[in-house]
2 protein chains.
Amino acid sequence: MIHNHTSIPALEKRYRANLINSLGGFKSLVLIGTRHESGAENLATFSSLFHLGADPALCGIIVRPTQPGINTLHNIQQQKQYTINHVRPAFYREAHQCSAKYLPGESEFEATGLHPYYVNSIHAPFVEESHIRFACETEKIIPIELNETTLVIGRIIYVEVPDEWVGADGFIDLEKANTVTCSGLDSYHTTSRLARLSYAKPDRPVTDLP
Amino acid sequence: MIHNHTSIPALEKRYRANLINSLGGFKSLVLIGTRHESGAENLATFSSLFHLGADPALCGIIVRPTQPGINTLHNIQQQKQYTINHVRPAFYREAHQCSAKYLPGESEFEATGLHPYYVNSIHAPFVEESHIRFACETEKIIPIELNETTLVIGRIIYVEVPDEWVGADGFIDLEKANTVTCSGLDSYHTTSRLARLSYAKPDRPVTDLP
């Protein structure tokens, strides 16, 4: 199958959505927890999380104008904090359900049975069922005028990972933690490690890390 | 393990790099092919690719100032085109090797044995060994001043996927295609599907897609 700059825009809308969403490879799957100024809790499915830097610790997400994330964006703008929660096989269906278009004020926690969980100093809700979770402070909001999406850059201000999955070098074994990855708009996957590889240098072949 | 806004910046540099790079979950792993105005070919490992929209078809990557991607950024700015190539288990070690800091002008294709491949109208090199590949036209370059990275937004102008992996609905079965995902700075994984789930609606439970 080959498409080019003239045939891509001519594809049927739903077909193109599936194709282009699959094309980028496997994606991070997370639930983003926020709180409205009224106290109402919101939980939204995201697959656009990306790493921006470790020093300072920054990450980005893309919020689309037409998704339930419109609540997420409002809350992120107003409250300046949000949580990011990994998904495990035990609740990936509930995570997918959080992408449904609930009315403003309806809580995805109540609708799916996932439980909000709070820690000191973070006023946005975490997901109790999630084992790897962190929180961000809103650092910068950049409108992407090309397609009316919004890039939200957050500074990581809280990290919680069970000790058993954190190596001496800081690496988190997401596979042992059973973190789920996703592809396309609706496909969910667990993983099998090929290897960890040594730091690459021009003058020598890479080797497997233990 | 718990860290907060004061302990995160105080972590040992390499430990923090591993931790924060793992924290975002599984990532898309791709090789980005570009060409210098002199004709020299460049191939760089990226794990920051994210979906921006399907109509128009847009995706984003983050280019760091200190990585070999500095060549990639130059080429993307000058030549306005770049290719994005999925990685299979057969050559994930070569893909990792492309993250080594080669001198400007040294070709990662030559260094790793991967083969450049050209199609009409795209002047940047694809990876012959890759089975799912696409090309972008540079649409917008946004400096992220917070940490001197750069967001490159590309419009997808060419897509090539073997028919056997594309469903009637446009979904690409990346798992059948053996596309590799990565975590942290150096860990590579294949996947096992849990399920594809039906479009989520507030008033009904999700079901498995066939």
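For the structure itself, look to the data block above.
Keep in mind that what you see is a predicted model, and the values were worked out from it rather than measured.

Rules used throughout
- Positions within a chain are numbered from 1, following the residues in the order the chain's sequence is written.
- Whichever chain is written first is A, and whichever ligand is written first is 1; the rest continue in order.
- Reporting of local features is limited, given that this is a predicted model, to residues whose pLDDT is at least 70; pairs of side-chain atoms are given and counted only at 80 or more, and all residues count toward the totals for whole chains, interfaces and linings.
- Side-chain metrics rest on all non-hydrogen atoms present in the structure, leaving aside hydrogens and water.
- In this analysis, rings of Phe, Tyr and Trp, with Trp reduced to its six-membered ring, are considered paired at centre separations within 6.5 Å, and the interplanar angle assigns stacked below 30 degrees, edge-to-face beyond 60, and tilted for intermediate values.
- Under the DSSP-based scheme used, a helix requires at least four consecutive residues in state H or I and a strand at least two consecutive residues in state E, with every element numbered from the N terminus.
- Classification of residues uses two cut-offs on accessible area relative to the type maximum, computed with a 1.4 Å probe and protein chains only: under 20% is buried, over 50% is exposed, and between them is partly exposed.
- Contacts are assigned to residue pairs that have any heavy atoms within 4.5 Å of one another.
- Each of two parts loses accessible area, computed with a 1.4 Å probe, when they are put together; buried area is these two losses added.
- Should a side-chain nitrogen of Lys or Arg be within 4 Å of a carboxyl oxygen of Asp or Glu, the pair is scored as a salt bridge.
- A 3.5 Å cut-off defines polar contacts: any pair of N or O atoms within that distance qualifies, except that in protein one atom must be a possible hydrogen donor and the other a possible acceptor, and neighbouring residues in sequence count only when both atoms are side-chain atoms.
- Classes in brief: Ala, Val, Leu, Ile, Met, Phe, Trp, Tyr, Cys and Pro nonpolar; Asp, Glu, Lys and Arg charged; the others, Gly included, polar.
- Two strands qualify as a pair provided DSSP detects at least 2 bridges between them.

S.K.: Account for the packing of aromatic side chains, with residues named and values stated.
M.R.: Residues and elements named next belong to chain A. In this structure the tally under the stated criterion is 7 aromatic pairs over all chains. Aromatic pair Tyr92 and Tyr188: ring centres 5.5 Å apart, planes at 50°, arrangement tilted. With a gap of 96 residues between them, Tyr92 in helix 4 (residues 92-97) and Tyr188 in strand 13 (residues 187-196) connect regions that are remote in the sequence. Tyr188 gets classed as buried once you look at its relative accessible area, which sits at 4%. These aromatic residues form a ring-pair network of at least three members: Tyr117, Phe126 and Tyr158.

S.K.: Go over the interface of chain A and chain B with me, naming the residues and quoting the values.
M.R.: Counting residues at the interface gives 97 residues for chain A and 97 residues for chain B. In total, about 8,500 Å² of surface goes out of reach between chain A and chain B, with carbon and sulfur atoms giving 62% of it. In this assembly, chain A and chain B are joined by 6 salt bridges. There are 50 residue pairs in polar contact (both at pLDDT 80 or more) connecting chain A and chain B. For the side of chain A that touches chain B, the per-class residue count stands at 49 nonpolar, 30 polar and 18 charged. Judged from the 3 bridges that link them, strand 1 (residues 2-4) of chain A and strand 11 (residues 149-160) of chain B form a sheet pairing that is antiparallel. Paired with Asn4 of chain A across the bridge in strand 11 of chain B is Tyr158 of chain B.

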